[in-house]
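# Secondary and tertiary structure notes
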Amino acid sequence: MDFNVKKLASDAGVFFTRAVQYTEEKFGQAEKTELDAHLENLIARADCTKNWTEKIFRQTEVLLQPNPSARIEEFFYEKLDRKIPSRTTNAELLGQYMQDAAKDFGPGTPYGSTLITVGEYQKRLGGAEREFLQTSAINFLTPLRNFLEGDWKTISKERRLLENRRLDLDVCKARLKKAKSAEAKAAAEHELRVAQTEFDRQAEVTRLLLEGISSTHVNHLRCLHEFVEAQAAYYTQCHKHMQDLQKELSSANGDTFPNAFAVNASTSGVSTGPSPLSTASLPSPSRPPNPSNALEPSTLKIEEVKPPATGTRKAKVLYDYDAADTSELSLLADELITVYTVPGMDPDWLIGERGNQKGKVPVTYLELLS
């Protein structure tokens, strides 16, 4: 390879004079050409944009992929321009474990069948998470990365070039001041005019690039809206999956839990008579009973918690219950209310009335009176 010795020596000389000028400026021994206020404001705004974009980008990466090892792996795949392998989400893995466990426990058993159902919904949650991660990576992370690795590198390059042009200009100004002869002054003035022209041209190029930060903000604003929409859609989908799962489990409670209790009682020799454990085991569709209000052995037989087929009955409230929504009736311990059922109603619930108030109440919170 051929080297241009003269150019190499010239470049070395320029670098040395710039270094001397920069050092003297730092020690206050040389004057420094200041940029105009507008350009300084643009530079400060660009630095602020870069710093916060980088922090938001990194933290979004952590949010979408908390595993640092997985993030490093994805980074190398991106740098090698290779497709990132599909990774099983934690929810999908949990769902698969539940379904595999159900095979060993017996899919026909209450626990096994419930594991299958919950496992399926965990997989659906994992699928929703995967879709959210992909959408967010494309619509939000990619534009931020493109700015940091593309536009910002171009801006940084032009800013470094502007700084070099300023140093060259100040070197020429210092050289003109030191010139003694008319010939030296003429040469220095010519160099100063050239340096000033190059500095002004580079300042204009840098200014145009920095003013483009406004367009960057507009683009990032649009991406932020898309990220929020993807996040909202993800959580809405997760909420719907969980509601569907609760409904499915609630509809199965009437068959699954009493049967499971009957099997356990027959195999262990435990009587199904009045027992605080058997009474508390019957679940409420919305929330478990308050353990601080445990039932006494003399309360509530298993057959007493079944809603009446027709007519109304009086019921004593065993402990407090806060209504989850307007369709339910709040209860106070030891009060008496009137209860009855309606066709097609969930067997774990009754309609309760207290004066002019009416709403659904959980059977497990009541002692039905004859």
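Anything mentioned here points back to the structure above.
The sections below set out a description of the structure shown in this document. (Residues numbered from 1 in each chain as written. Predicted model: local features only at pLDDT ≥ 70, side-chain atom pairs only at ≥ 80, totals over all residues. Heavy atoms only, no water.)

## A closer look at the packing of aromatic side chains
Applicable threshold: Note on aromatic pairs: the rings of Phe, Tyr and Trp (six-membered ring only in Trp) are paired at centre separations within 6.5 Å, and the planes decide the class, stacked below 30 degrees, edge-to-face beyond 60, tilted for the rest. Strands here are runs of E lasting at least two residues and helices are runs of H or I lasting at least four, both read from the DSSP assignment and numbered beginning at the N terminus. Only when the NZ of Lys or the CZ of Arg is both within 6 Å of the ring centre and within 35 degrees of the ring normal is a charge said to sit over the ring.
According to the stated counting rule, one finds eight aromatic pairs in the structure shown. Seen from their ring centres, Phe132 and Phe227 are 6.3 Å apart, and the 35° between their planes marks the pair as tilted. With a gap of 95 residues between them, Phe132 in helix α5 (residues 110-178) and Phe227 in helix α7 (residues 213-268) connect regions that are remote in the sequence. Considering the side-chain rings of Phe147 and Trp152, the 6.3 Å spacing of their centres and the 50° angle between planes classify their relative orientation as tilted. Ring pairing ties together the aromatic residues Phe132, Phe140, Phe227, Tyr234 and Tyr235, which thus form one cluster. One cation-aromatic arrangement involves Lys55 over Trp52; the distance from NZ or CZ to the ring centre is 4.6 Å.

## A short note on the side chain of Gln202
For clarity, the threshold we go by: The rule is simple: take the accessible area with a 1.4 Å probe, protein chains only, and divide by the maximum for that residue type; under 20% is buried, over 50% is exposed, in between is partly exposed.
If you trace the backbone, Gln202 turns up in helix α6 (residues 182-211). The exposure class assigned to Gln202 is buried, which follows from its relative accessible area of 8%.

## Remarks on the nonpolar core
This is how it is decided: Only buried Ala, Val, Leu, Ile, Met, Phe, Trp, Tyr and Cys residues count toward a nonpolar core, and they belong to the same one when joined by side-chain atoms within 4.5 Å. Contact definition: two residues touch when any of their heavy atoms are within 4.5 Å.
Ranked by size, the top nonpolar core spans 31 residues in total, and within it Leu39, Phe132 and Leu210 carry the most contacts. If one sorts the elements of this core by residue count, α5 sits on top with 13 residues. Not counting the four nearest positions on each side in its chain, Phe132 is found in contact with Leu64, Phe227, Ala230, Gln231 and Tyr234. In this structure, Leu329, Met345, Trp349 and Val363 belong to the second largest nonpolar core, which totals 19 residues.

## Observations concerning the sheet that holds strand β2 (residues 336-340)
As a reminder, the rule being used: What makes two strands pair is DSSP finding at least two bridges between them. In this analysis, axes come from line fits to C-alpha atoms, helices being fitted only over the stretch in contact, and the angle between any two N-to-C directions falls in the range 0 to 180 degrees.
Taken in spatial order, the five strands line up as β4-β3-β2-β1-β5 in an open sheet, and their pairing is antiparallel. Across the chains shown, the open sheet's two edge strands, defined by having one partner strand only, are β4 (357-362) and β5 (366-368). Here the strands of the sheet are splayed against their neighbours by 40° on average, with no regard to which way each runs. Where strand β3 (residues 349-354) meets β4, six bridges bridge the pair, whose relative direction is antiparallel. Bridge assignment links Leu350 to a residue of β4, and that residue is Val361.

## A closer look at helix α4 (residues 90-105)
For the record, the criterion: In this analysis, the expected span of each helix is defined as 1.5 Å times one less than the number of residues it contains. Directions pointing from the helix axis toward each C-beta atom define the arc.
Here α4 is 16 residues long and its end C-alpha atoms lie 22 Å apart, about the 22 Å a rise of 1.5 Å per residue gives. Listed as buried for α4 are Ala91, Glu92, Gly95, Met98, Gln99 and Ala102. Taken down its axis, α4 places every buried residue within 120° of arc, on the same side. Facing away from the buried side of α4 by over 90 degrees, the exposed positions are Asn90, Tyr97, Lys103 and Asp104. Each element contacted by the buried residues of α4 is listed here: α5. Backbone geometry just downstream of α4 places Gly106 in the positive-phi region, at approximately 105°.

## Comments concerning the environment of Asp320
Positionally, Asp320 belongs in the loop between β1 (312-317) and β2. Looking at Asp320, the relative accessible area reads 44%, which means it is partly exposed. Linking Asp320 and Ser330, residues ten residues apart in sequence, is a C-alpha distance of 7.7 Å.

## Comments concerning the packing of helix α2 (residues 37-64) against α6
Axis angle and axis distance: for two packed helices, these are the angle between their axes and the distance between the axes, and together they describe the pair. We count it as follows: Any angle that is under 35 degrees is reported as roughly parallel, and any over 145 degrees as roughly antiparallel; angles of 65 to 115 degrees are reported as roughly perpendicular and all others as oblique. Here is the rule for handedness: rotate from the far helix to the near one, and if that takes an anticlockwise turn smaller than a right angle the crossing is left-handed, while a clockwise turn gives right-handed. Polarity classes work like this: nonpolar for Ala, Val, Leu, Ile, Met, Phe, Trp, Tyr, Cys and Pro, charged for Asp, Glu, Lys and Arg, and polar for all others, with Gly in that last group.
The interhelical angle for the contact between α2 and α6, taken along N-to-C directions, is 45°, at an axis separation of 10 Å. Judged by the inter-axis angle, α2 sits oblique to α6. At the point where α2 passes α6, the crossing takes the left-handed sense. Facing His38, Leu39, Leu42, Ile43 and Ala46 of α2, the residues of α6 in contact are Ala203, Arg207, Leu210 and Glu211. Class assignment of the residues belonging to the contact of α2 with α6 gives a composition of six nonpolar, one polar and two charged.

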